Amino acid sequence: MQDSAADTHDLPVVIIGAGPVGLAAAAHVRERGLTPMVLEAGESAAAAIRTWGHTRLFSPWRYNIDEAARRLLEAGGWQEPDLNVLPTGHELVDGYLVPLAAALHDVIRTDSRVVAVSRDGIDKTRSANRDATPFLVRIARPDGSHEDVHARSVIDASGTWSQPNPLGRSGLPALGEDRAAAQGLITQPLPAINGTERERFAGRHVLVVGAGHSAANTLLDLAELAEDDPETRISWAVRSADVSSTYGGEADDELAARGAIGSRLRTLVESGAVDVHTSFVISGFEATGDRLRVLATGAAGLEDLTVDVLVPATGFRPDLSILSELRLEMDPAVEAPRQLGPLIDPEFHSCGSVEPHGEQVLSHPEPGFYIVGMKSYGRAPTFLLATGYEQVRSIAAALAGDRAAADAVHLDLPETGVCSADLGASCDASDVPQLVTVGGPGPSSSMCC
């Protein structure tokens, strides 16, 4: 254990999570002359992305590389990939994040799951000398042991991938949902339908629930599988009255690959290849042999749909339990930092311009603590990776005392070509990198479900 009496300024900036935003944070912090320490729960950096690595991004390489990370990599002789190519998640990891982790190797600690963040020696109720007291970050190891690490600041970039939204109404798991998942009748999000998990879906009746990009990708993967195995049946359920919001901007989208996803899905639905269930609110699940009976209220009243397997694509939510001893100010609806919440709440801000935001918007009553990346958006629908890169650039500048640079927040993102959302359901919100542009002069960014 470190000496808790050490000067706070000599302690590291602890970054929770070694995904794209966490590693970018480390690069920015290091570039500013501070000492980063990255704590990763998985066995390697980018562990979450590896679980959906078979999925191809709709943003080309040019949008997927943070500028501080690029400078660090190029100093070691790294050669950037073709910037016009669309990488898969695995290619993003192998071509960018693994080299970046190697360049930061001395500051990354894997198999280090953060289970609590507090102030050293004082709890949430203590105010005296709080700002000058180091943070205490408690780590759990795979062998069951624990370790306490002290920090001058903490940046939580742990994401939301490990906490998907439940399928039931009222924000709760539907009756029987946990049991159905344990029996393998409900999968993890973004399964490898045409890869390692093909046999789980081929020739079976599959239900996809959700209305975002993950749902669209899953449905297109299933359609590809059905071309090889026509016995495969595809059903799609959403809580909204129609599925048009999932199509996005199509030809009007400034990212052609993103627009093409919507166009391909529209064609698939209009061809009748997908059995669509709208206004579909799930109330319960029952296992019937090796099949799953889905109980719901639909547009015409009670519905009873029996399928072989269900793929959830209903988004994610943040795990704030590890932060219970910190003084946070969160938006009560979307569970984002309070100043950010109104800018991204899908009920009132479906897809319009979102002001670029940095350290000031992300600050809490707990000085020196920040939530960034996907987790900073809480339950809001769609987070763009570029936003996370600009967040950590601003925070690193503030931690280094460069207030002017911290406040000069710029972000320029291509337009989606649409402003609509499935407000009746949780839109898709994943750790899948979707769009990355940093340092541009544009006044706003666009987001959409």
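Basis of the calculations
- Numbers given to residues run from 1 along each chain, matching the order in which its sequence is written.
- In view of the model being predicted, local features appear only for residues whose pLDDT reaches at least 70, and side-chain atom pairs are presented and counted only at 80 or more, with totals across whole chains, interfaces and linings using the full set of residues.
- With hydrogens and water excluded, all non-hydrogen atoms of the structure serve as input to the side-chain values.
- Starting at the N terminus, helices and strands are each numbered in turn, a helix being any DSSP run of H or I of at least four residues and a strand any DSSP run of E of at least two.
- When accessible area is computed with a 1.4 Å probe and restricted to protein chains, residues below 20% of their type maximum are described as buried, those above 50% as exposed, and intermediate ones as partly exposed.
- Whether two strands pair depends on DSSP finding at least two bridges between them.
- As a rule, the C-alpha atoms of each element are fitted with a line to give its axis, helices using only the stretch in contact, and angles between N-to-C directions run from 0 to 180 degrees.
- Salt bridges, as used here, are contacts in which a Lys or Arg side-chain nitrogen is within 4 Å of a carboxyl oxygen on Asp or Glu.

The name given to the protein chain in an unreviewed UniProt entry is Putative Secreted protein, and the organism recorded there is Brevibacterium yomogidense.

A.B. asks: I'd like a description of the environment of His 213, backed by residues and values.
C.D. replies: Looking at the element boundaries, His 213 is found in helix H7 (residues 213–228). Sequence separation of His 213 and Thr 382 is 169 residues, and the distance between their C-alpha atoms is 9.0 Å.

A.B. asks: Help me get a handle on unusual backbone geometry, residues and values and all.
C.D. replies: In this structure, Ala 46 is a non-glycine residue whose phi angle is positive, near 60 degrees. With respect to the helices, strands and loops of the structure, Ala 46 is situated in the loop between strand S2 (36–39) and helix H2 (47–51). Phi at Glu 335 takes a positive value of approximately 60 degrees, unusual for a residue other than glycine. Overall, the relative accessible area of 22% leaves Glu 335 in the partly exposed class.

A.B. asks: So what's going on with the sheet that holds strand S12 (residues 291–298)? Residues and values would help.
C.D. replies: Taking strand neighbours across the sheet as the criterion, the three strands line up as S11-S12-S13 in an open arrangement whose pairing is antiparallel. Of all strands in the sheet, those bounded by a partner on one side alone are strand S11 (281–288) and strand S13 (301–307). Strand-to-strand twist in this sheet, taken as the mean axis angle between neighbours without regard to direction, amounts to 20 degrees. Relative to S13, S12 is paired through seven bridges, and the arrangement is antiparallel. Paired with Gly 298 across the two strands is Gly 301, which belongs to S13.

A.B. asks: Tell me what's going on with the pattern of salt bridges, and back it up with residues and numbers.
C.D. replies: In the structure shown here, the tally under the stated rule is 21 salt bridges. For the salt bridge of Arg 71 with Glu 31, the shortest nitrogen-to-oxygen distance reads 2.7 Å. Here the residue Arg 71 occupies a position in helix H3 (residues 67–75), and Glu 31 occupies one in helix H1 (residues 20–31), the gap between them amounting to 40 residues. The partly exposed category is assigned to Glu 31, whose relative accessible area is 44%.

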